[in-house]
Amino acid sequence: MVILQLILKVPANTDWQDLIYTTGSTKTHQFSFSGGSDKINFYASANYFDQEGIVINSDFERITFLSNVDAQVNDKLKLGLNLFGSLGTKNGISTQSTGLGGIGGGGDDVISLAMRYAPDQPVFNDDGTYNSGNTVGDLVDNPFAIASERIDETKEDNFRGNFYANYEIINGLEFKTTLGLSSETLKRGTFSPSILEVTAGAVNGRAAITNARERSILNENYLTYKRDIGKGKLTLLGGISYQKTTTEAFSAAGNDFLSDSFSFYNLGSANILLPASSAKSVTEIQSQFGRANFDWDDKYLFTATVRRDGASNFAKNEKYAIFPSAAIGWKVSNEDFLKDVNAISNLKLRASYGVTGNPSIAAYQSLAEYASLYASSNGETVSAATPDQPANPDLKWESSYQTNLGLDLGLLKNRFILSLDYYNIDTKDIILPNNGIPEYFGYLNDGILTNLGEVNNKGFELALTSRNINNENFS
């Protein structure tokens, strides 16, 4: 007797989105206290924040503290201190792949994988390993495996401290100094274990770690003088400021680990260490500034400001630039011929002109730079250097010259408020990458920053606000 046995394998019916999505939640707890006397006041608070993401194994936790102290030491001296700190940990899930997850096709993107992975495939194979037999499109790990096994942890620590002292030198003349310190440290580690067959199985696990730290110091000093002149009020201010920011970063990565047990905390056990990288940059800004305000009888207003700013980002002879500005205003509604017009609550005409600068470029962009690379010498691979970018001794501030004319009108006890502005902005010496350097010059970087262009923006802005109902209990 011959017995034929037929085994039919029923395909799975897997809802991948249902597997990776969950119900998110948020918890927060806050504790604070304050007190003081006629000479000193203080406030302190602590906050705990915990959030569970809507994708499995994603969460964010943060502890924050804040304290303020103000002390009136005597009739002339006042001191203050503000402290802030936070500790945060984020466990992330890749939701938009960079293609660097191991297979270049977005194989670590949990969200898109949940929609493109075949529903007739099970989560696990018969032997208990994760299924990676996608029958639609390319070969990738299943989204539940990526969300469950891949580690992406970011720890971030922030600290800021600000101190100020205000001293009245003589009647009407005050000096104020402030000192601020800030520090931000970030560490991000990622690990794809070897059990993710497609993403990391071929290289027997992959790990990477990045550390970055930014520290900043800011000192500002002001002299302020106030005086009444007849019906007018005069305020003069002069000061200097200095800011220095130091940024450091380091990253390392490796493949082929003896064990998945150590995550990204044992790169030394990797049989293949990828090239590490490190960097440091320092930027400084120095400023001197002055301002004059004059208000005559709450009718005629005048303001003039001048700044001299210097930034280390720019070329040796172009680090400093001067930025003046001035504004005038006329409160027409305070004139005698309009004071008795009840319909007009406020009517003000104003005009201003000023120049502002933009130093928002990376450090060392005006200097000649070299890049490291690998070359061949006598049949062997050696480290070498090649020109990356030429020096630009003329790189300077990008400046915007703005003219503004405006009118403010309030009617019927300011129930209707109209603001009309005309602006004209000429931005000159725009900093753009110059891609016109021929390749035969030998520079790797074809985007050398240069003051290239000009842009003009002009137009009108109109804002109308109305409070149609304005009663005691309803507005």
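Bear in mind the structure is a predicted one, so any value in this text is a computation, not a measurement.

K.L.:
Explain the overall build of the chain to me, using residue names and the numbers behind them.
P.N.:
The helix and strand inventory of the chain stands at 4 helices and 17 strands. Taking the principal axes of its C-alpha atoms as reference, the chain extends roughly 120 × 75 × 50 Å. Considering only intrachain contacts with a sequence separation of at least 6, the fraction spanning at least 24 residues in the chain is 62%. Just so you have it, the chain exposes about 29000 Å², and 55% of that area is on carbon and sulfur atoms. One way to put it: in the chain the 39 positive side-chain charges average out to a point 12 Å from where the 54 negative ones average out.

K.L.:
So what about the packing of aromatic side chains? Which residues, and what values?
P.N.:
Evaluation of the coordinates by the stated rule reveals 12 aromatic pairs. Between Tyr422 and Phe460, the aromatic rings sit 5.2 Å apart at their centres with planes inclined by 50°, giving tilted as the arrangement. One end of the pair, Tyr422, is in strand β16 (residues 416–434); the other, Phe460, is in strand β17 (residues 448–466), and 38 residues separate them in sequence. Classification of Tyr422 by relative accessible area gives partly exposed; the value is 27%.

K.L.:
Can you tell me about the nonpolar core, naming the residues and giving the values?
P.N.:
In terms of nonpolar packing, the biggest core is built from 18 residues, with Trp16, Val110 and Phe144 touching the most fellow members. Those elements that provide at least two residues to this core are α1 (16–20), α2 (110–116) and α3 (143–149).

K.L.:
Which residues make up the side chain of Ser192, and what values do they have?
P.N.:
Along the chain, Ser192 falls in strand β6 (residues 173–192). Taking relative accessible area as the criterion, Ser192 reaches 4% and is therefore assigned buried.

K.L.:
Hey, could you go over the pairing of strand β4 (residues 77–91) for me, with residue numbers and the actual values?
P.N.:
As paired strands, strand β3 (residues 59–72) and β4 are joined by 14 bridges and run antiparallel to one another. Pairing of Phe65 across the sheet is with Gly85, part of β4. Linking two consecutive strands that pair antiparallel, namely β3 and β4, is a turn of 4 residues. By the bridge criterion, 15 bridges tie β4 to strand β5 (residues 151–170) in an arrangement that is antiparallel. Looking across to β5, one finds that Leu83 is bridged to Gly161.

K.L.:
Residues and numbers for the environment of Asp228, please.
P.N.:
Counting through the fold element by element, Asp228 comes out in strand β7 (residues 206–229). In this structure Asp228 comes out as exposed when scored by relative accessible area, which is 60%. Once the C-alpha coordinates of Asp228 and Phe294 are considered, the two residues, 66 residues apart in sequence, prove to be 9.7 Å apart.

K.L.:
Explain the pairing of β6 to me, and be specific about the residues and the numbers.
P.N.:
Two elements, β5 and β6, share 19 bridges in a ladder whose sense is antiparallel. By the bridge assignment, Phe163 is partnered in β6 with Leu179. If you look at the hairpin formed by β5 and β6, you'll find 2 residues sitting between the two strands, and Gly172 has a positive phi there, around 95°. Summarising the sheet, β6 and β7 pair through 20 bridges and their orientation is antiparallel. In the sheet register, Thr190 faces β7, and the bridge partner there is Ala208.

K.L.:
Describe the side chain of Asp152, listing the residues and the values that go with them.
P.N.:
Mapped onto the elements, Asp152 comes out in strand β5. Under the relative-accessibility criterion, Asp152 is labelled buried at 10%. What Asp152 contacts, discounting residues up to four positions off in sequence, is Lys90, Asn91, Gly92, Arg188, Gly189 and Thr190.

Definitions and limits used
Residues numbered from 1 in each chain as written. Predicted model: local features only at pLDDT ≥ 70, side-chain atom pairs only at ≥ 80, totals over all residues. Heavy atoms only, no water. Helix = DSSP H or I, 4+ residues; strand = E, 2+ residues; numbered from the N terminus. Contact = heavy atoms within 4.5 Å. Areas by Shrake-Rupley, 256 points an atom, 1.4 Å probe, with all protein chains shown as cover. Lys, Arg positive; Asp, Glu negative; His and termini not counted. Charge placed at Lys NZ, Arg CZ, Asp CG, Glu CD. Phe/Tyr/Trp six-rings, centres within 6.5 Å; stacked < 30°, edge-to-face > 60°. Buried < 20%, exposed > 50% of the residue type's maximum accessible area, 1.4 Å probe, protein only. Core = buried A, V, L, I, M, F, W, Y, C linked by side-chain atoms within 4.5 Å. Pairing = 2+ DSSP bridges.

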